Amino acid sequence: MDAQAKITSSGFECPVPEYTMDVESQQLNLLVRAGSVPVEMIECYELVYGVKVIRYEFNSDEELYIRLSNGGVNYDLLQPSALITPLLIQDGKLQQLN
């Protein structure tokens, strides 16, 4: 194990990033399908980039749509299905990544 290695609470050694990146935000808000993003992945991102990751989960496309419609949280990244994505685009609920 490398002395500079970042280790999660479960003992997983985080991979070294391929690319460096300037991080402008201190928090990343994710809206993802329940159980789809491993805890180690979130912990590694926090350890490597120093950004707090807040994970919000949904169980269905309908729940995703309701969360986006209710407002309150500005999500940085979503994990919509291919079925709901056209409706989200049509209703102006998605922005293109830059």
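Please refer to the structure higher up on the page.
Just so it is clear, the structure is predicted and the values come from calculations on it, not from any experiment.

A. Geometry of the packing of aromatic side chains. Going through the model one piece at a time under the given rule, you end up with two aromatic pairs. Aromatic side chains Tyr45 and Tyr49 sit 4.8 Å apart centroid to centroid with 45° between the ring planes, which places their arrangement in the tilted category. Placement of both Tyr45 and Tyr49 in helix H1 (residues 39-49) is noted, with a separation of four residues, approximately one turn of the helix. Judged by centre distance (5.3 Å) and plane angle (80°), the ring pair of Tyr56 and Tyr75 falls under edge-to-face. Of the two residues, Tyr56 is situated in strand E2 (residues 52-58) and Tyr75 in the loop between helix H2 (61-70) and strand E3 (77-78); the sequence distance between them amounts to 19 residues.

Cut-off values and rules
In every chain, residue numbers begin from 1 and rise along the written sequence. Per-residue local features are limited, in this predicted model, to residues with pLDDT of at least 70; the limit for side-chain atom pairs, both in listing and counting, is 80 or more; totals at the level of whole chains, interfaces and linings are taken over all residues. Only hydrogens and water are set aside when side-chain values are computed; all heavy atoms of the structure are taken into account. Classification of ring pairs uses Phe, Tyr and Trp, with its six-membered ring standing for Trp, and accepts pairs whose centres are within 6.5 Å; under 30 degrees between planes counts as stacked, over 60 as edge-to-face, and the remaining range as tilted. Comment: elements are numbered from the N terminus, with helices defined as DSSP H or I runs of at least four residues and strands as E runs of at least two.

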